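As a plain string of letters, each chain reads:
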Amino acid sequence: MLKILKLLKNHKAEVFLVLCLLVVQAACDLELPGLMSDIVDIGLTRGGVPDASQEYIAQVAAGMGDSEVQMHYLWTTGGKMVAITLLGVLAAVVVNFIASRTAAQVGRDLRRQVFDKVLHFSHTEMDQFSTASLITRSTNDIQQVQMVVVMLLRMVLFAPIMGIGGIIKVVGTKTGMGWIIVLAVVCIFCLMMILMLVAMPKFKKMQSLVDRVNLVSREILTGLPVIRAFHKESYEEQRFDDANTILKKTQLFTGRTMAVMMPTMMLIMNGISVMIVWFGAKGVDAMTLQVGDMMAFMTYTMQIVMSFMMITMVSIMLPRAVVSAERIDEILRTEPVIREQEIPEEVTGCTGTVAFDHVSFRYPGAEEYALEDITFTARPGKTTAIIGSTGSGKTTLLNLIPRFYDVTEGRVTLDGRDVRELKLADLRDQLGYVPQKAVLFSGTIASNIQYAGQADEAEMRQAAAVAQAAEFIGEKPQGYDSPIAQGGSNVSGGQKQRLSIARAVASKPKVYLFDDSFSALDYKTDAALRKALNQNAKDAAVIIVGQRIATVMHADNIIVLKDGRIDGMGTHEQLLQTCDTYREIAVSQLSAEELGLEV
């Protein structure tokens, strides 16, 4: 409960107002049974006016008879009851409004905090939390917390006020049946403990099962082409059905547990009513108890029991909300591994010289190095290419420059300054990054190319021309205003790559980072793009990760990686003579005649 209450620290005024209104509502609810008791007892006291002898004397002196006195009392008391009821209803409506509004604000704030935190996660944190889990935590978990905040403000605060007030009123009735309330509370407490022991483990398990369903659903929806290609629809249907069935069984168990609670509670309440009537009737018969007092005692007892029942309902719902709050808090407490220094250096007058100085890198939790003792320099106006077999560490090396990961040993520098000492925003403003898997956002072609926000329309068109995208854009009826679907699903792989390259070119960076970004292009487009890029990026350093010899062979410096180490470095002609790994890759893709080698 304290974890949930911490979420309300920014809503103290609303909580205080709700507390005041709940006191008003409880006072109204507690006052009505006493007035009803007086009305029931009318006629059983002198003049038919309970505890109002002075009023009765004054009314008789005014010439009123007993019946008139009784009717006057009934109208007066009835009017009080109507006014008190309306006041209680008004307080309840305002409490519900404030509680719902506050809970919605808490949900909004949590979603904002979680989203802001995830945006600053590095690749390490993204590997720690799966995408499906992050989606569940941002939606379902926050919804659970939001629902409990409403219950907290509406029921948890109200129940103790009603319970304590009811006990005070019961003591005032002096009926001698207080033991019935004690018996009722003990029965409810035992029921609550049984339900907690049975249901709590299932509630804790439920959120992880929701994660699993989301994970399977996401994999199936994103992998539909592969599933259809291998005709695995039945297998995936079974996999989803297994995850869905386990979640269904858990939800059915908790639902049935909750379903058992209400009838049991009603049984306890009705049993208490029967006991009060039974023993109260004996008191009335013995002339030691008024009928109105018995009815008031019954009403107060029901209010006390209802208070405990509200707490029981919250206690059943709370475990799941606490699990959700812990899962949300886990994200908020996770500090990104990639952080700026307290006073980071600003990047001004960048020339674009990138250097690796004896860099070694190991993934978090890994025992072996992914990269080891990497040293080279990429200079402005020059193209540096990185090639190697699959798993040799090419993409990992590129990811160290924008600080998607930090080096384990050595350092990466930009213009001689360690990238870890630079302001992250300034560092990344100097880089034009094109990922291995082209990423487009829903919107238009123009909004994707101008994503960095630095290019006007002329620069946008120039970037598209450099990326060899202007031709296919011009063929579209809406041109640059043509819509792009989520993930770029309405354009081909080659078009996605060219738009991603255009986005990088439009940002006018000092360093271009191409992570195998030409793989979906044909040789003609590849050659035209590289030629246009060389003319457009004369003053920038270009670092290309590639798999094709044709893409990297014209680079000024080619780095050959093998098992995370540099196996060769030089120009195309030099590496053909000195590096066996490079020669093997080259011969596997081009003929000896094309490479200028002896057959």
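Refer to the structure above for everything that follows.
The numbering scheme is per chain: residues are counted from 1 as the chain's sequence reads. For this predicted model, a pLDDT threshold of at least 70 governs which residues receive local features, and a threshold of 80 or more governs which side-chain atom pairs are given and counted, while totals over whole chains, interfaces and linings are taken from all residues. With hydrogens and water excluded, all non-hydrogen atoms of the structure serve as input to the side-chain values.

Enquirer: Would you take a moment to explain the environment of T257 for this structure?
Expert: Runs of H or I in DSSP of at least four residues are treated as helices and runs of E of at least two as strands, each being numbered from the N terminus. Of note, T257 is situated in helix α10 (residues 233–285). The spatial distance from the C-alpha of T257 to the C-alpha of R461 is 64 Å, given a sequence separation of 204 residues. A contact between two residues is defined here by any heavy atoms of the two lying within 4.5 Å. Setting aside its immediate chain neighbours within four residues, T257 contacts L195, V198 and A199.

Enquirer: Sorry if this is basic, but what is going on with empty space enclosed by the protein here?
Expert: Once rolled over the atoms, a probe with the size of a water molecule shows which space is left empty. For cavity detection a 1 Å grid was placed over the protein atoms alone, and a set of points counts as a cavity when a 1.4 Å probe fits there but cannot get out; an open set counts as a pocket when protein lies on both sides within 12 Å along at least five of seven lines, with lining residues being those that have an atom within 4 Å of a point. Grid points are joined across faces, edges and corners, and a volume is the space filled by probe spheres set on the points. Counted by the stated rule, this structure contains one cavity of 30 Å³ or more. By volume, the largest cavity amounts to about 40 Å³. As for the largest cavity, its lining consists of D516, S517, F518, S519, V545, G546, Q547, R548 and T551. Each residue receives one of three labels: charged for Asp, Glu, Lys and Arg, nonpolar for Ala, Val, Leu, Ile, Met, Phe, Trp, Tyr, Cys and Pro, and polar for the others, Gly being one of them. Each residue belonging to the lining of the largest cavity can be placed in one class, and the counts come to two nonpolar, five polar and two charged.

Enquirer: So what exactly am I meant to see when it comes to unusual backbone geometry here?
Expert: Excluding glycine, residues mostly carry a negative phi; peptide bonds, for their part, are mostly trans. At Q468, a position not held by glycine, the phi torsion is positive, near 60°. Note that Q468 resides in the loop between α15 (457–466) and α16 (470–474). Here D563, not a glycine, exhibits a phi torsion of approximately 55°, which is positive. Mapped onto the elements, D563 comes out in the loop between β11 (557–562) and β12 (565–570).

Enquirer: Which parts of the structure should I look at to understand the packing of α15 against helix α17 (residues 493–506)?
Expert: When two helices pack together, their arrangement is given by the angle between their axes and by how far apart the axes lie. At a minimum axis separation of 8 Å, α15 and α17 run at an interaxial angle of 130°. The angle between α15 and α17 places the two elements in the oblique class. Helix-helix and strand crossings are classified by hand; for α15 and α17 the assignment is right-handed. Across the interface between the two elements, A463, A464 and V466 of α15 pack against A502, V505 and A506 of α17. Among the residues forming the contact of α15 with α17, the class breakdown is six nonpolar, no polar and no charged. Comment: axis = line fitted to C-alpha atoms, over the contacting stretch for helices; angle = value between 0 and 180 degrees taken between N-to-C directions. An angle below 35 degrees is treated as roughly parallel, one above 145 as roughly antiparallel, one from 65 to 115 as roughly perpendicular, and anything else as oblique. A clockwise turn of the near helix away from the far one marks a right-handed crossing, whereas an anticlockwise turn of less than a right angle marks a left-handed crossing.

Enquirer: How should I be thinking about the packing of aromatic side chains in this particular structure?
Expert: Each aromatic ring pair is specified by the distance between its two centres and by the angle formed by the two planes. The rule is short: rings of Phe, Tyr and Trp, with Trp giving its six-membered ring, pair when the centres are within 6.5 Å, and they are stacked under 30 degrees, edge-to-face over 60, tilted in between. Under the counting rule described, the total for this entry stands at nine aromatic pairs. Ring geometry for Y363 against Y405: centres 5.3 Å apart, planes inclined by 90°, an arrangement best described as edge-to-face. One end of the pair, Y363, is in the loop between β1 (354–361) and β2 (371–378); the other, Y405, is in the loop between α12 (394–399) and β4 (409–414), and 42 residues separate them in sequence. For the exposure calls, accessible area comes from a 1.4 Å probe over protein chains only, and a residue counts as buried if that area is under 20% of its type's maximum, exposed if over 50%, partly exposed in between. A relative accessible area of 29% means that Y363 is categorised as partly exposed. Ring-pair connections join several aromatic residues into one group, and the members of that group are F361, Y363 and Y405. Sitting over the face of the ring of F158, R154 holds its NZ or CZ atom 5.4 Å from the ring centroid. Criterion for a charge above a ring: Lys NZ or Arg CZ within 6 Å of the ring centre, and within 35 degrees of the ring normal.

Enquirer: Help me out: how do you make sense of the nonpolar core in this one?
Expert: Side chains of a nonpolar character, in soluble globular proteins, are inclined to be buried together. Core analysis: the largest hydrophobic core is formed by 56 residues, its most contacted members being V149, I272 and I276. Secondary structure elements with two or more residues in this core: α2 (12–40), α4 (66–119), α6 (131–156), α7 (158–173), α8 (178–222), α10 and α11 (291–333). When residues no more than four places from it in sequence are discounted, the contact partners of I272 are I180, A184, T301, M302 and V305. Residues enter a nonpolar core if they are buried and are Ala, Val, Leu, Ile, Met, Phe, Trp, Tyr or Cys, with the set joined through side-chain atoms within 4.5 Å.

Enquirer: What is the right way to read a nonpolar patch on the surface from this model?
Expert: Residues enter a patch when their relative accessible area is above 30% and they make no salt bridge; the linking distance is 9 Å between like charges and 5 Å between nonpolar side chains (Val, Leu, Ile, Met, Phe, Trp, Tyr). Here, Shrake-Rupley sampling with a 1.4 Å probe gives the accessible areas, and only protein chains in the shown set may cover a residue. Put simply, a salt bridge is a Lys or Arg side-chain nitrogen that is within 4 Å of an Asp or Glu carboxyl oxygen. Together, W179, L183, W278 and F279 make up an exposed nonpolar region whose accessible area comes to about 430 Å². Mapped onto the nonpolar patch, the elements with two or more residues apiece are α8 and α10. Note that W278 resides in helix α10.

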